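Letter by letter, the chains look like this.
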Amino acid sequence: VQVAAESGGGSVQAGESRTISCTVRDSIFNMNVMGWYRQAPGELRAPGKQREFIARLHNDGRQDYGASVSGRFTISRDIAKRTLSLQMNNLTPDDTAVYFCSFVRLPDGAVWGRGIHVTVSS
């Protein structure tokens, strides 16, 4: 699996919506799990700081969300376009972060995108 493109990053105002996406070169039809994580820009180089779990999409369609985004964010996939997306509604400055897509096809490990910057201004 290789992430070919990432899109949707940029700056928005609080209360607005944004959709970010990752496209892979392989088919996503048989991915076991796909997900989104984020990390505050100031923590990217901080030792020991883990990425915050945002959303997960299982191969059977089940979805999981982190508590901070549940009800505002929606994860989805477009198998034909080999794309994983995250629709983010009612954004707040606390959502400012670098967002990472993740793809897992067992028995291989996770493959990560390089990161999509999203800045939310009040």
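Scope of this entry: the structure provided in the associated data block.

Section: the nonpolar core
In terms of nonpolar packing, the biggest core is built from 26 residues, with W36, L86, Y99 and F103 touching the most fellow members. A total of four residues in this core trace back to one element, the largest contributor, which is strand β9 (residues 97–104).

So, the pattern of salt bridges
In the structure shown here, the tally under the stated rule is five salt bridges. Note that R62 and D60 form a salt bridge whose closest N and O atoms lie 2.8 Å from each other. Between D95 and R72 there is a salt bridge whose closest N-O contact spans 2.8 Å. One end of the pair, D95, is in the loop between β8 (83–88) and β9; the other, R72, is in the loop between β6 (63–65) and β7 (73–78), with 23 residues separating them in the sequence. The residues D95 and R72 share a single accessibility class, namely buried. Bridged by salt links that share partners, the residues R38, E52, R72 and D95 form one connected network.

Things to note about the packing of aromatic side chains
Applying the stated criterion to the full structure yields two aromatic pairs. With 5.7 Å between their ring centres and 65 degrees between their planes, Y37 and F53 make a pair best called edge-to-face. Taken as a pair, Y37 in strand β4 (residues 33–39) and F53 in strand β5 (residues 52–58) lie far apart in primary sequence, 16 residues in all. Geometrically, the ring pair formed by Y37 and W112 is edge-to-face, given 5.1 Å between the ring centres and 65 degrees between the ring planes. Placement of the pair is Y37 in strand β4 and W112 in strand β10 (residues 110–112), with a sequence separation of 75 residues. A residue is classified by how much of its surface remains accessible, and W112, at 37% relative accessible area, is partly exposed. By the ring-pair criterion, three or more aromatic residues cluster together here, those being Y37, F53 and W112. In this structure, R51 is placed above the aromatic ring of F100, and the distance from its NZ or CZ to the ring centre is 3.6 Å. Directly above the aromatic system of W112 lies the positively charged group of R51, at a separation of 4.7 Å from the ring centroid.

Procedures and definitions
- Residues numbered from 1 in each chain as written.
- Predicted model: local features only at pLDDT ≥ 70, side-chain atom pairs only at ≥ 80, totals over all residues.
- Heavy atoms only, no water.
- Core = buried A, V, L, I, M, F, W, Y, C linked by side-chain atoms within 4.5 Å.
- Buried < 20%, exposed > 50% of the residue type's maximum accessible area, 1.4 Å probe, protein only.
- Helix = DSSP H or I, 4+ residues; strand = E, 2+ residues; numbered from the N terminus.
- Salt bridge = Lys/Arg side-chain N within 4 Å of Asp/Glu carboxyl O.
- Phe/Tyr/Trp six-rings, centres within 6.5 Å; stacked < 30°, edge-to-face > 60°.
- Lys NZ or Arg CZ within 6 Å of the ring centre and 35° of its normal.

As far as function goes, none of this settles anything; it's purely spatial.
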